[in-house]
Amino acid sequence: MLVVGKPGLAALARYELVVLIAQARAGALGLALRKALYPQLLGSCGRNVVFGQNVVLRHPHKIHIGSNVVIDDNCLVDAKGDTNQGIRIGNGVFVGRNTILSCKNGDIEVADGANLGFNCEVFSASTVRIGANVLMAAYAYVIGGDHDFSDTATSVLRQARKSAGVQIGDGVWLGAGARILDGVTIGDHAIVGAGAVVRDDIAPRAIAVGVPARVVSMRDT
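Keep in mind that what you see is a predicted model, and the values were worked out from it rather than measured.

Mind showing me how you'd approach the overall build of the protein here?
In terms of helices and strands, the protein carries two helices and 25 strands. Taking 221 residues into account, the globule formula puts the C-alpha radius of gyration at 17 Å, and the protein, at 18 Å, falls close to it. Across its three principal directions, the C-alpha atoms of the protein cover 55 × 45 × 25 Å. Among the 221 residues that make up the protein, the fraction classed as buried is 42%. Sequence-distant contacts in the protein: of pairs separated by 6 or more residues, those separated by 24 or more amount to 24%. A total of about 10700 Å² of accessible surface is found on the protein, and carbon and sulfur atoms cover 55% of it. Once the 21 positive and 18 negative side-chain charges of the protein are each reduced to a mean point, those two points are 7 Å apart.

Below, the structure is given as structure tokens:
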């Protein structure tokens, strides 16, 4: 259940067979096998979708992928949860090598034309939306959840998770290593500098840099 997301031996056997045949297969044969077999596990899948070597799908029946999408080598797409809708990836999206899309009973939407660079992570315990034509540079991290730490007698690990979600508007550019914390909304066409830690909302077309991030100029001016 942790990986497959459906009860029963039939669902497990089907998942395991696809993984055994296709997941680690190198070269053109591997690409062809994953293109043919992975959509059979997914909730829905469009045309011309490329799955790289060692792409891992968890709770795949809650993963929906549009057309002309590339999910590069060693990515994890994990839609786990009991009551969530899962992960929806739009048309023309690129997901770079080693990138993780991970739900913990939350939902993730990656809109059309978004480009997620290498080694990025998007986590959701409620709702995270990456807008159309967003550019996430390598090692960017979108954190749609947090831990309650109010009880000092209990480890943070044992306390409840809370999440307000994250909204990233269309055309946003997140620089390399940027961190977007829970509860943040970034307006359309804003730019977040490399290494910035964003704790507060950023207006449309603003340019924000630093730790914590602050707006230093507007693209309109």
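Okay, back to it.
So what exactly am I meant to see when it comes to the environment of I89 here?
In this fold, I89 is placed in strand β7 (residues 87-89). In sequence terms I89 and H64 are 25 residues apart; their C-alpha atoms lie 6.1 Å from each other.

Would you mind showing me how to read the nonpolar core here?
Soluble, globular proteins show a tendency: their nonpolar side chains are buried together. One finds I71, M136, V142, L174 and I186 to be the most contacted residues of the largest nonpolar core, which totals 53 residues. Breaking this core down by element, the ones donating at least two residues are α1 (9-23), β4 (63-65), β7, β9 (100-103), β10 (107-110), β13 (127-130), β18 (166-168) and β24 (206-209). Top element by residues in this core is α1. It accounts for four residues. Those residues in contact with I71 that sit more than four places away from it in its chain are V50, F51, G52, V55, I65, V77, I89 and V95.

Even after reading the chapter, I still don't get the packing of α1 against helix α2 (residues 27-37), so can you show me in this structure?
Axis angle and axis distance: for two packed helices, these are the angle between their axes and the distance between the axes, and together they describe the pair. Two elements in contact, α1 and α2, have axes whose closest approach is 9 Å; the angle formed by their N-to-C orientations is 155°. It follows from the interaxial angle that α1 and α2 lie roughly antiparallel. Two secondary-structure elements touch here, α1 through V18, I21, A22 and Q23 and α2 through G30, L33, R34 and L37. Here the contact of α1 with α2 is built from residues that sort into five nonpolar, two polar and one charged.

Any chance you could explain unusual backbone geometry here in plain terms?
What you tend to see is this: most non-glycine residues have negative phi, and most peptide bonds are trans. P212 follows V211 through a cis peptide bond whose omega is -10°. One non-glycine residue, N54, lies in the positive phi region at around 65°. Counting through the fold element by element, N54 comes out in the loop between β2 (50-51) and β3 (56-58).

Is there a simple way to explain the environment of D112 in this structure?
With respect to the helices, strands and loops of the structure, D112 is situated in the loop between β10 and β11 (115-116). Measuring from C-alpha to C-alpha, the distance between D112 and S67 comes to 9.5 Å, with 45 residues separating the pair along the chain. Sequence-distant contacts of D112, defined by excluding residues within four places in its chain, comprise G90, N91, V93, A132 and N133. Of the polar contacts made by the side chain of D112, one reaches the backbone nitrogen of N91; its length is 2.8 Å.

Rules of the game
- Residues numbered from 1 in each chain as written.
- Predicted model: local features only at pLDDT ≥ 70, side-chain atom pairs only at ≥ 80, totals over all residues.
- Heavy atoms only, no water.
- Helix = DSSP H or I, 4+ residues; strand = E, 2+ residues; numbered from the N terminus.
- Rg over C-alpha atoms; globule rule 2.2 N^0.38 Å.
- Buried < 20%, exposed > 50% of the residue type's maximum accessible area, 1.4 Å probe, protein only.
- Contact = heavy atoms within 4.5 Å.
- Areas by Shrake-Rupley, 256 points an atom, 1.4 Å probe, with all protein chains shown as cover.
- Lys, Arg positive; Asp, Glu negative; His and termini not counted.
- Charge placed at Lys NZ, Arg CZ, Asp CG, Glu CD.
- Core = buried A, V, L, I, M, F, W, Y, C linked by side-chain atoms within 4.5 Å.
- Axes fitted to C-alpha atoms, helices over the stretch in contact; angles between N-to-C directions.
- Parallel < 35°, antiparallel > 145°, perpendicular 65-115°, else oblique.
- Nonpolar A, V, L, I, M, F, W, Y, C, P; charged D, E, K, R; others polar.
- Polar contact = N/O pair within 3.5 Å; in protein donor to acceptor, adjacent residues only side chain to side chain.

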